[in-house]
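What follows is each chain in one-letter form.
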Amino acid sequence: QVQLVESGGGLVQAGGSLRLSCVGSGEIFSNSAMGWYRQAPGKQRDMVATITRGGSINYADSVEGRFTISRDSAKKAVYLQMDSLKPEDTAVYYCNVNFLGAWNYWGKGTLVTVSP
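Residues numbered from 1 in each chain as written. Predicted model: local features only at pLDDT ≥ 70, side-chain atom pairs only at ≥ 80, totals over all residues. Heavy atoms only, no water.

## A look at the overall build of the protein
Definition in use: Where helices and strands are cited, they refer to DSSP runs of H or I of at least four residues and of E of at least two residues respectively, numbered from the N terminus. Computation of the radius of gyration draws on C-alpha atoms alone. For the globule rule, the value is 2.2 Å times the number of residues to the power 0.38. Classification of residues uses two cut-offs on accessible area relative to the type maximum, computed with a 1.4 Å probe and protein chains only: under 20% is buried, over 50% is exposed, and between them is partly exposed. Contacts were defined at the residue level, with two residues in contact if any of their heavy atoms lie within 4.5 Å. Note that accessible areas follow from Shrake-Rupley with a 1.4 Å probe, and for residues the cover is restricted to the protein chains shown.
Along the backbone of the protein there are zero helices and 11 strands. Going from N to C terminus, the protein has its helices and strands arranged as β-β-β-β-β-β-β-β-β-β-β. A compact globule built from 116 residues would reach a C-alpha radius of gyration of about 13 Å, and the protein, at 13 Å, matches this within 12%. Here the protein holds 116 residues, and 41% of them are scored as buried. Of the contacts made within the protein by residues no fewer than 6 positions apart, 54% connect residues no fewer than 24 positions apart. Total accessible area computed for the protein in this model is approximately 6200 Å², and 49% of it derives from carbon and sulfur atoms.

Written as structure tokens, this is what we have:
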């Protein structure tokens, strides 16, 4: 049973910072890519950042240079440091674990609200 729990969301002013954390349970993390996705109201869920088990990182163009993803496989955790936040970053942020490229697991999400 894989469970993911996100934390760290909240309300912040534009230009501010937040750090999201996702901690999981289960035995798949050493063989999984991990990442963050977000979904704004009325929009589809989009990739924000991913990190493979080997440490290769991919960012969405909209967050490149502002967000930093990291992982601690021993702790079964992935983090997202978000700096220089903009109102358009407002969304529910979801933690994702992709096991062997085939199975996806999702957290319940944490809300990030950036005020102008």
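## Quick notes on the packing of aromatic side chains
Threshold: Two rings from Phe, Tyr or Trp (for Trp, the six-membered ring) form a pair when their centres sit within 6.5 Å of each other. Planes less than 30 degrees apart are called stacked, planes more than 60 degrees apart edge-to-face, and all others tilted. Distance and angle both matter: a charge sits over a ring if NZ of Lys or CZ of Arg is within 6 Å of the ring centre and within 35 degrees of the ring normal.
One pass over the structure, following the stated rule, counts two aromatic pairs. Each ring, one from Tyr-37 and one from Trp-106, has its centre 5.0 Å from the other, and the planes form 75 degrees; the classification is edge-to-face. With Tyr-37 in strand S4 (residues 32-39) and Trp-106 in strand S10 (residues 103-106), the pair connects residues that are 69 residues apart, well separated along the chain. Between Phe-99 and Trp-103 the ring centres are 5.8 Å apart and the planes differ by 35 degrees, which places this aromatic pair in the tilted class. Judged by relative accessible area, which is 47%, Trp-103 ranks as partly exposed. Above the face of the Trp-106 ring, Arg-45 is positioned so that its terminal group lies 4.6 Å from the ring centre.

## What to know about the state of the cysteines
Test applied: Two cysteine sulfur atoms make up a disulfide if the distance between them is within 2.5 Å.
Counted by the stated rule, this structure contains one disulfide. Residue pairing for Cys-22: its cysteine sulfur links by disulfide to Cys-95, the two sulfurs lying 2.1 Å apart. On the S-S bond that ties Cys-22 to Cys-95, the torsion sits near -80 degrees, and the link is left-handed. Pair noted here: Cys-22 is in strand S3 (residues 18-25) and Cys-95 is in strand S9 (residues 91-99), with a separation of 73 residues, a long-range link. Summarising the burial analysis for this pair, Cys-22 and Cys-95 share the class buried.

## Digging into the pairing of S4
A regular strand carries its side chains on alternate faces of the sheet. Stated precisely, the cut-off is as follows: When DSSP locates at least two bridges between a pair of strands, those strands are taken to pair.
Sheet topology places S4 next to S9; eight bridges connect them, and they run antiparallel. Looking at the pairing, Ser-32 lines up with Phe-99 of S9. By the bridge criterion, six bridges tie S4 to strand S5 (residues 45-51) in an arrangement that is antiparallel. Across the sheet, the residue bridging to Gln-39 is Arg-45, located in S5.

## A look at the environment of Arg-19
The residue Arg-19 is located in strand S3 in this model. Given a relative accessible area of 42%, Arg-19 falls into the partly exposed group.

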